[in-house]
Amino acid sequence: MTLTEIVKKAQNMLIIGHQRPDGDCIGAGLSLARVCAKYGKTCAFVFDSPVPAHFSFMPRFDTLNKGLDGSFDTVVCVDCADHLRTGKYYGYVKNAATSVNIDHHRTNNRFAQVNIVVPDASSTCEVLFDLLAAENELTDEIAYCLFVGLSTDTGHFMHNNTNAKVLYTAAKLAEYSIDVHSIASNIYKNTTVGKTKLIARAIQSMRFFADGKICVISVHLDDLAACDCVLADTEGLIDYGMMIGSVEVAVCLTEQNTPQFKVSYRSKGLDVSAAAAVFGGGGHKLAAGCSVSGKYEDVVRKVVKSITDGMPL
């Protein structure tokens, strides 16, 4: 059954993105929501996190995390590496007559009835492009949303997951009536004063290990409060560690409301998905994440050890 056939068969569809959604997640969900609208299907797109304001430039942004009334016979999860990333909405996945999992993480645990997982794809939006292009479902608005996801998950075509297929996909999307320059400006040149202050604090927090090959950035709750920021504003902070030439692995620790830290890993070559797996997390070889409980210094020690153990630097 094709994705379009699944949409046509659905009576009420729920699209679930992952906690703390990024551009790929939001772009994928909004794209699929437009397909639902085309066929007159009732649809809601939700995720277990506040709506990230820095994506407010995207079409239909005002529909995010709304419309969750009633029951849903069809549930589609986008960009969720495992069922835990759906948060409080996992019950909808378990109870759906039809559940679909569309993703690109190689550690995906295939938690739905239908699993469309393409580990070699740069992003979930690339996966959706292939599906929707083959089914002749692309429109200007869908292309816009897919381009956002393709851009953000490739670091605007600077990450090592940028290949000929990614550039081909970007070129095909750019054939639609989308303003690529405007998209890039909205994503990368539209920050707030608060986020800029948070970036400064993140840079000041940098600690280095393994002869400067590991950079740890820390964001505490009081940092967010002082800068009038939310957890979504930590997106991209890890890139400042990766900019340092001597750094092989960058880590961003973000304090949660419980005695726990969200841990994001980025690497220039080492397989950090193995490090994240130590704590039950996962992701890609060069980009992974997990959560670690404990006091800050203990978490730093354990996270650094997860990188150096079996991963000589």
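Heads up: the structure comes first, above all this text.
Residues numbered from 1 in each chain as written. Predicted model: local features only at pLDDT ≥ 70, side-chain atom pairs only at ≥ 80, totals over all residues. Heavy atoms only, no water.

Visitor: Looking at this model, I keep getting lost on helix 2 (residues 23-38). Mind explaining?
Guide: Because each turn of an α-helix spans 3.6 residues, side chains separated by three or four positions in sequence point in the same direction. Compared with the 22 Å implied by 1.5 Å per residue over 16 residues, the 22 Å span of helix 2 between its first and last C-alpha is a close match. A positive backbone phi angle near 70° is found at Gly-40, which sits one or two residues after helix 2. (Helix = DSSP H or I, 4+ residues; strand = E, 2+ residues; numbered from the N terminus. Expected span 1.5 Å × (residues − 1).)

Visitor: I'm lost on the packing of aromatic side chains in this one. Help?
Guide: Within a pair of aromatic rings, the relevant descriptors are the distance that separates the centres and the angle that separates the planes. Scanning the model with the defined rule gives 6 aromatic pairs in all. Centre to centre, the rings of Phe-45 and Phe-47 are 5.6 Å apart; their planes meet at 80°, and the pair counts as edge-to-face. Judged by its relative accessible area of 2%, Phe-45 is buried. Judged by relative accessible area, Phe-47 falls into the buried class, the value being 1%. Residues Phe-55 and Phe-57 carry aromatic rings whose centres are separated by 6.3 Å and whose planes lie at 45° to one another, so their mutual orientation is tilted. Neither Phe-55 nor Phe-57 differs from the other in exposure class; each is buried. Every member of this aromatic cluster is reached through a ring pair, and the members are Phe-72, Tyr-89 and Tyr-92. (Phe/Tyr/Trp six-rings, centres within 6.5 Å; stacked < 30°, edge-to-face > 60°. Buried < 20%, exposed > 50% of the residue type's maximum accessible area, 1.4 Å probe, protein only.)

Visitor: What is the right way to look at the side chain of Ser-218 in this model?
Guide: Within the secondary structure, Ser-218 sits in strand 7 (residues 214-219). Not counting residues within four places of it along the chain, the set of residues in contact with Ser-218 comprises Ser-205, Asp-223, Leu-253 and Tyr-296. (Contact = heavy atoms within 4.5 Å.)

Visitor: Can you help me understand the environment of Glu-255 in this one?
Guide: Here Glu-255 lies in strand 8 (residues 249-255). By relative accessible area, Glu-255 is classed as partly exposed at 23%. For the pair formed by Glu-255 and Leu-231, sequence separation is 24 residues and the distance between their alpha carbons is 9.0 Å. The residues contacting Glu-255, other than those within four sequence positions of it, are Val-219, His-220, Leu-221, Leu-231, Gln-260 and Phe-261. Of the polar contacts made by the side chain of Glu-255, one reaches the backbone nitrogen of Leu-221; its length is 3.0 Å. (Polar contact = N/O pair within 3.5 Å; in protein donor to acceptor, adjacent residues only side chain to side chain.)

Visitor: Please explain the pattern of salt bridges as it appears in this structure.
Guide: Where charged atoms from two side chains of opposite charge approach closely, those side chains can pair. The full count for this structure, using the stated rule, is 10 salt bridges. The salt bridge involving Lys-165 is made with Glu-126; its shortest N-O contact spans 3.2 Å. One end of the pair, Lys-165, is in helix 6 (residues 164-174); the other, Glu-126, is in helix 4 (residues 124-134), and 39 residues separate them in sequence. Between Lys-305 and Asp-309 there is a salt bridge, and its shortest N-O distance comes to 2.6 Å. Judged by its relative accessible area of 46%, Lys-305 falls in the partly exposed class. By relative accessible area, Asp-309 is classed as partly exposed at 42%. Taken together, the salt bridges that share partners define one network made up of Arg-34, Arg-60 and Glu-141. (Salt bridge = Lys/Arg side-chain N within 4 Å of Asp/Glu carboxyl O.)

Structural measurements only, silent on function.
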